[in-house]
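# A structural walkthrough
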Amino acid sequence: MFTTTGSRGLYKAPLSKGLLLVLNGLTVMLILLPQYQELFEYNLQAVIKQQQVWRLFLGRLVCLDVKDAFCSSLLIYNFRIFERRFGTRKFASFLMGTWFLSVLMDFLLARAFQFVFNYEVEDLPAGLLAPVFSLFVPFYLLIPQMPVTQVLGHIHITNKSLVYIVSLQLLTSSPFMWLLALSGLISGGLYHSNFLRLQKLLFLPIWVSRIGRYCLEPLFSSSEPNNETPLGMGATLDIQRQQRMDMLDQQLLLAQYNEARRNARQQQQPGLLQWTRLFPSLRHRGQNRPPMQPHPQVQTQPSTQPPLLDNSPVAEEQVARLVEMGFSRIDALEALRASNNDINMATNFLLQH
């Protein structure tokens, strides 16, 4: 139920993988060595009154609570789609920019809370929490919301529902987590909108990116998954069955796409190519139902780059929006024509492929 980001794991997401491994590893070490946890506490009053500026780095890096570390790790894993789509350097620049902006926002919000309620905020939850909350800004604006199912016939479940549930669980883990969440959302909004040209001021230098590419990326890079490679001996039968069903779905999808394209060529009538005819649902199968046999047309080798359907009109505004999200113009045109100019369906299809 997570956002559709493909089944490639952490492929092309070395920074996300590094954050998950390093930060969670440090959290486990601090649990085993509790005498060092005091160094990683995010104490605002210690920064202001005792000039312990180093707490702004250590206190905003590692989670001291296991639940916070688990929920933030789930969110980082889900938000790896932005690293794949925009590149590691731009993704790192976003995290670094919002990290610096959220420092200022933490003090401003704490001061405002003290002024309104006459209560001095001393400790805040430790960890890389504000930058994680800041990623909800591009998540809300750039990722389309697609319905998945309904509960009790009235409650709609979308591809974003589980992400928001995890964030709600993280938000209620401590009394002042809302302050970090608000700080992250404000920082993410300012950086994403390029307010006062913040993206030109707070960015990862190219020389730092090159050092990370040659020194750190080989350690945290993941190999490209191969769908044709059989699973290991430790895999369960359910996982093997699901992999075979996914492969069959891809084959049927290609076969039906080629058949619909041939029919469109013969008819030569615009507007008859519907998304439901091109990409019908292939996953409404029972759990114990044996895999269906592929159509004989599956054995034919489909063309790697199908020609565009020139008969379907495409709005240039929709194409421009998809190009701004990082897709190529050719892919955007093909997806929009296949989905009858539906921007949400086209974006969801491009994210899956």
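### Focus: the pattern of salt bridges
Enumeration over the complete set of coordinates arrives at four salt bridges. Across the salt bridge formed by E120 and K49, the nearest N and O atoms sit 3.7 Å from each other. Taken together, the residues span a long stretch of sequence, with E120 in the loop between α6 (88-117) and β2 (123-124) and K49 in helix α2 (residues 44-49) at a distance of 71 residues. For E120, a relative accessible area of 37% puts it in the partly exposed group.

### Thoughts on the state of the cysteines
Within this structure, the stated rule accounts for zero disulfides. Lacking any disulfide linkage, C63 is separated from the closest cysteine sulfur, that of C71, by 9.5 Å. On the basis of relative accessibility, which here comes to 7%, the residue C63 falls in the buried class.

### Regarding the side chain of N43
In this structure, N43 sits in strand β1 (residues 42-43). Overall, N43 belongs to the buried group, its relative accessible area being 11%. At 3.0 Å, the side chain of N43 and the backbone nitrogen of Q45 are in polar contact. Once residues lying within four places of it in the same chain are set aside, the contact partners of N43 are R55, E122 and D123.

### Re the pairing of strand β4 (residues 155-158)
Inspection of the sheet shows strand β3 (residues 147-151) paired to β4 by four bridges, in the antiparallel sense. From the neighbouring strand, V151 faces β4, where its bridge partner is I155.

### Let's talk about the environment of I31
Relative to the helices and strands, I31 is located in helix α1 (residues 14-32). On a C-alpha basis, the gap between I31 and L64 in space is 7.7 Å, while along the polypeptide they are 33 residues apart. Beyond its immediate sequence surroundings of up to four residues, I31 is in contact with Q37 and V66.

### Points about helix α4 (residues 66-78)
Helix length check: α4, at 13 residues, gives a terminal C-alpha distance of 19 Å against a target of 18 Å (1.5 Å per residue), a fit within 8%. Residues of α4 that are buried: D68, A69, C71, S72, S73, L75, I76 and N78. For α4, the elements touching its buried residues are α1, α5 (80-86), α7 (129-134), α8 (136-142), α9 (161-171) and α10 (177-192). With a side-chain oxygen positioned 2.9 Å from the backbone nitrogen of K67, the residue opening α4 is D65.

### So, unusual backbone geometry
In the Ramachandran plot, N194 falls in the positive-phi region, its phi being about 60° despite a non-glycine side chain. The class of N194 is partly exposed, set by a relative accessible area of 26%. For L196, which is not a glycine, the phi torsion comes out positive at approximately 55°. Here L196 shows up in the loop between α10 and α11 (198-201).

### Brief notes about empty space enclosed by the protein
Tallied over the entire structure, the rule returns five cavities of 30 Å³ or more. Considering the residues around the largest cavity, the lining is formed by 14 residues, among which L23, N24, C63, S72 and S73 are closest to the centre. Looking at which element gives the most residues to the lining of the largest cavity, the answer is α1, with five residues. Partitioned by chemical class, the residues of the lining of the largest cavity number nine nonpolar, five polar and no charged. Computed from the structure, the second largest cavity encloses a volume of approximately 70 Å³. Looking at the second largest cavity, the residues that line it are I81, F82, R85, F86, L142, I143, M325, F327 and L351. A per-element tally of the lining of the second largest cavity places α5 first, with four residues.

### Here we look at the nonpolar core
Counting residues in each nonpolar core, the largest one holds 59 residues, and the members touching the most others are L75, F79, L124 and L322. Not counting the four nearest positions on each side in its chain, L322 is found in contact with F327, A332, L336, I343, A346, T347 and L350.

Here is what the cut-offs are and how they apply
- Residues numbered from 1 in each chain as written.
- Predicted model: local features only at pLDDT ≥ 70, side-chain atom pairs only at ≥ 80, totals over all residues.
- Heavy atoms only, no water.
- Salt bridge = Lys/Arg side-chain N within 4 Å of Asp/Glu carboxyl O.
- Helix = DSSP H or I, 4+ residues; strand = E, 2+ residues; numbered from the N terminus.
- Buried < 20%, exposed > 50% of the residue type's maximum accessible area, 1.4 Å probe, protein only.
- Disulfide = S-S within 2.5 Å.
- Polar contact = N/O pair within 3.5 Å; in protein donor to acceptor, adjacent residues only side chain to side chain.
- Contact = heavy atoms within 4.5 Å.
- Pairing = 2+ DSSP bridges.
- Expected span 1.5 Å × (residues − 1).
- 1 Å grid on protein atoms, 1.4 Å probe; cavity = no way out; pocket = protein on both sides within 12 Å on 5 of 7 lines; lining within 4 Å.
- Points joined across faces, edges and corners; volume = space filled by probe spheres on them.
- Nonpolar A, V, L, I, M, F, W, Y, C, P; charged D, E, K, R; others polar.
- Core = buried A, V, L, I, M, F, W, Y, C linked by side-chain atoms within 4.5 Å.

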